[in-house]
Amino acid sequence: MAKWGMVIDITKCNACYSCFIACKDEYWDNDYPPYSAAQPRHGQFWMDLVKKERGVCPWVKVAYIPVLCMQCDNAPCVKAAKNRAVYKRPDGIVIIDPKKAVGQKQIVDACPYHVIFWNEEKQLPQKCTFCVQRLEERRIPKCVQVCPSGALVFGDLEDPESDVSKIVASGKTEALNPESKTKPRVYYLGVPKLFIAGSVVYGDVDECAEGVPVTLTDESTGKSIETSTNNFGDFEFDGLGAGTYSVKFRCKGYATKTVHVDLKTDKYLGVVNLTKRP
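This structure is a prediction, so every number in the text was calculated from the model and none was measured.

The rules behind each value
- Residues numbered from 1 in each chain as written.
- Predicted model: local features only at pLDDT ≥ 70, side-chain atom pairs only at ≥ 80, totals over all residues.
- Heavy atoms only, no water.
- Helix = DSSP H or I, 4+ residues; strand = E, 2+ residues; numbered from the N terminus.
- Rg over C-alpha atoms; globule rule 2.2 N^0.38 Å.
- Buried < 20%, exposed > 50% of the residue type's maximum accessible area, 1.4 Å probe, protein only.
- Phe/Tyr/Trp six-rings, centres within 6.5 Å; stacked < 30°, edge-to-face > 60°.
- Salt bridge = Lys/Arg side-chain N within 4 Å of Asp/Glu carboxyl O.

Undergrad: Got a minute to help me understand the overall build of the chain in this structure?
TA: Broken down by element type, the chain carries six helices and 17 strands. Scaling as 2.2 N^0.38, a compact globule of 278 residues should have a C-alpha radius of gyration of about 19 Å, whereas the chain reaches 24 Å, well beyond that. Along the three orthogonal principal directions, the C-alpha set of the chain runs to about 80 × 40 × 30 Å. Here the chain, with 278 residues, has 47% of them falling under the buried criterion.

Right, here's the structure in full:
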């Protein structure tokens, strides 16, 4: 039997909202017994896009994180439900029974990802089901079908030849909110972390310094990575954790310059002027 999972590549999401609209189209005013009751027109986001803004002017970055039910193996909603109103299928999909779960609002509160919604009219907790009704017809989830950028990859985690299995096996994926320890079956690539960026200028001529090697060293581990400035003199190191770093600039004919950074939040160093050697 398949063990369904999904990988979401945040770097490919351009916030077109196709997944959001497709999900609403699939579930609004449509019942899929015994898996889900119709979603209300407003107030529920079974596939949501969370905007993550980093940095300050003039160096601002924005990413959009698609968030849906994580189909957790250690699902808090299953534990919170009474009378087995929430259960995990053998294929890994977590289902809220639309009959047994009536009145059980504690199921909503149990989710650490806040992806279970309360239907006031039906007095029912509701969430994404990985489009289980489509899977049973050998079709993929609606959000995956319509994603134009390929940011959503879906498949059988038990099949080593599936794209989703290969991506997870690469070791590059991670979970959202790993501190929750829910063992989710939705994995992410490119989760926004911290960055250090800046702009390098030849101080003697006040021009952008293109092609200058820039080395970033993690002072706690001694590990270094290198990049070079673009034609505007800009550089960036992304995907960093909090800590202390040194940023070194080396350019022939100019004095080596080192900037130390205690990184707690995204850091734009501003304009770094290189001094001409005498």
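This is not the end of the story, as more comes after the structure.
Undergrad: So what exactly am I meant to see when it comes to the packing of aromatic side chains here?
TA: When we look at a pair of aromatic rings, we describe it by the centre distance and by the angle of the planes. In the structure shown here, the tally under the stated rule is 11 aromatic pairs. Judged by centre distance (5.3 Å) and plane angle (15°), the ring pair of Trp-4 and Phe-154 falls under stacked. Of the two residues, Trp-4 sits in strand S1 (residues 4-9) while Phe-154 sits in strand S8 (residues 152-156), which places them 150 residues apart along the sequence. Pairwise contacts between aromatic rings join Tyr-17, Phe-20, Phe-45 and Phe-117 into one cluster.

Undergrad: What am I meant to see in the pattern of salt bridges here?
TA: Pairing is possible between side chains that carry opposite charge, provided their charged atoms lie close to one another. Applying the stated criterion across every chain, the model contains 15 salt bridges. Salt-bridge contacts for Glu-136 lead to Arg-89; the nearest nitrogen and oxygen are separated by 3.4 Å. Of the two residues, Glu-136 sits in the loop between helix H4 (132-135) and helix H5 (142-146) while Arg-89 sits in the loop between strand S4 (86-88) and strand S5 (94-96), which places them 47 residues apart along the sequence. A residue is classified by how much of its surface remains accessible, and Glu-136, at 48% relative accessible area, is partly exposed. Note on Arg-89: relative accessible area 18%, which makes it buried.

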